[in-house]
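Structure at a glance
The lines below spell out each chain.
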Amino acid sequence: MTAWTVWVPAKPRATAKSRLALPPARRAALVEAMLRDVLAAVAAVARPVVVTADPYWRCLGAPVRAEPAPGLNAAASAAASADSPVAVLVGDLPALRAAELASALELAAAHPWALVADAAGHGTTLLAATAPGCLRPAFGARSRLRHRAAGAADLTARLSAPGLRRDVDTLADLRAAVALGVGPATAQAWPDAPAAASGGAAASAMPAERLGPLRDVPASG
Ligand SMILES: Nc1nc2c(ncn2[C@@H]2O[C@H](COP(=O)(O)OP(=O)(O)OP(=O)(O)O)[C@@H](O)[C@H]2O)c(=O)[nH]1
Ligand SMILES: C=C(OP(=O)(O)O)C(=O)O
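Values in this document were obtained by computation on a predicted structure and should not be read as measured data. (Residues numbered from 1 in each chain as written. Chains lettered and ligands numbered in written order. Predicted model: local features only at pLDDT ≥ 70, side-chain atom pairs only at ≥ 80, totals over all residues.)

The subject of this paragraph is the site of ligand 2. In the neighbourhood of ligand 2, the contacting residues comprise Leu 72, Asp 118, Gly 123, Thr 124, Phe 139, Gly 140, Ser 143, Asp 167 and Asp 169. A per-class count over the shell around ligand 2 returns 2 nonpolar, 4 polar and 3 charged. (Near = placed C-beta within 6 Å. Nonpolar A, V, L, I, M, F, W, Y, C, P; charged D, E, K, R; others polar.)

Below is the structure:
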């Protein structure tokens, strides 16, 4: 089996997920929880590395690398120059299952580099490369097409991996992730949700009927 290193970029805690309409402290707690759930899923199948400018993220317990410059693509480019096989996985996938990531990486092992698209179908949640220097990050609006045009194999249609594709930019996205079943840290950070039983993201499931109290909250200060 291929031994993958999976780099998870993490924006500074104070500014991450600015599109989530939540008060800053609650947003930061949610960002951290999602990151914890993603890292738990990654650690089950690969070696995780957090790439960030924020020393706070050392508290997550995974190895941390400093990003070379601000921005997701600069952070991802650090992974691109690391030893392959290497992947970049966004950190806002609270419904990620370890088995989904394992399936994606298994498919990716047959390609120089590959992508998985986000739930909307326009963005990218995973880039993975088996050959040195192949991974060319071009995250941002409509990144799926850019990554494909640059030569990445598009694995999306060959996978059933809703948690791997369910990135969270808005509260509506969070609602969709909750419907899939989020990991235990996210379940705990979101007060409307019951804390998940032990067993990590793969074992947790949050029933859709608990979604009632989830409301858009105006951002403050
Ligand atoms: N290291 C690093 N990671 C980043 C940076 N910007 C975004 N990321 C990470 O990239 C992944 C996807 O990011 P986005 O969905 O754009 O999240 P975001 O920038 O926090 O969201 P908004 O502030 O709402 O635009 C998440 O894991 C982010 O933490 C950055 O400047 N540096
Ligand atoms: C960074 C991306 O998207 P978003 O910021 O919308 O999550 C992307 O899909 O390349």
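Once the structure has been displayed, the description carries forward.
Attention shifts here to the packing of helix α1 (residues 24-45) against helix α3 (residues 98-108). Where α1 meets α3, the closest approach of the two axes is 8 Å, and the angle between their N-to-C directions is 55°. Judged on the interaxial angle alone, α3 and α1 are oblique. Considering the relative orientation of α1 and α3, their crossing is right-handed. Here α1 contributes Ala 41, Val 42, Ala 44 and Val 45 to the contact with α3, which in turn contributes Ala 98, Leu 101, Ala 102 and Leu 105. (Axes fitted to C-alpha atoms, helices over the stretch in contact; angles between N-to-C directions. Helix = DSSP H or I, 4+ residues; strand = E, 2+ residues; numbered from the N terminus. Parallel < 35°, antiparallel > 145°, perpendicular 65-115°, else oblique. Left-handed = near helix turned anticlockwise from the far one by under 90°. Contact = placed C-beta atoms within 7 Å.)

With that out of the way, let us pick up the UniProt feature "binding site: phosphoenolpyruvate" (unreviewed entry) in the protein. As annotated in UniProt, the feature "binding site: phosphoenolpyruvate" (unreviewed entry) corresponds to Thr 124, Gly 140 and Ser 143 in the numbering used here. These annotated residues cover 20 residues of sequence, and their C-alpha atoms all fall within 8.4 Å of one another, placing them together at a single site. Turning to its location among the elements, Thr 124 is positioned in strand β6 (residues 124-129). Taking the number of C-beta atoms within 10 Å as the measure of exposure, Thr 124 has 28 and is therefore buried. With respect to the element layout, Ser 143 can be found in helix α4 (residues 143-149). Excluding its chain neighbours within four sequence positions, the residues that come into contact with Ser 143 are Gly 123, Thr 124 and Ala 138. (UniProt positions renumbered as here; feature names shortened; annotations may be inferred. Buried ≥ 20, exposed ≤ 12 C-beta atoms within 10 Å, placed from the backbone.)

Of all 6 residues in strand β2 (residues 47-52), 5 are buried; the element is thus mostly enclosed. Where strand β1 (residues 5-10) meets β2, 6 bridges bridge the pair, whose relative direction is parallel. Bridge assignment links Thr 5 to a residue of β2, and that residue is Arg 47. Sheet topology places β2 next to strand β3 (residues 64-66); 3 bridges connect them, and they run parallel. Residue Val 51 lies in a different strand from β3, and its bridge partner there is Arg 65. (Pairing = 2+ DSSP bridges.)

Moving on, we get to the environment of Ala 153. If you trace the backbone, Ala 153 turns up in strand β7 (residues 153-154). Judged by the 17 C-beta atoms lying within 10 Å of it, Ala 153 is partly exposed. Measuring from C-alpha to C-alpha, the distance between Ala 153 and Trp 113 comes to 6.3 Å, with 40 residues separating the pair along the chain.

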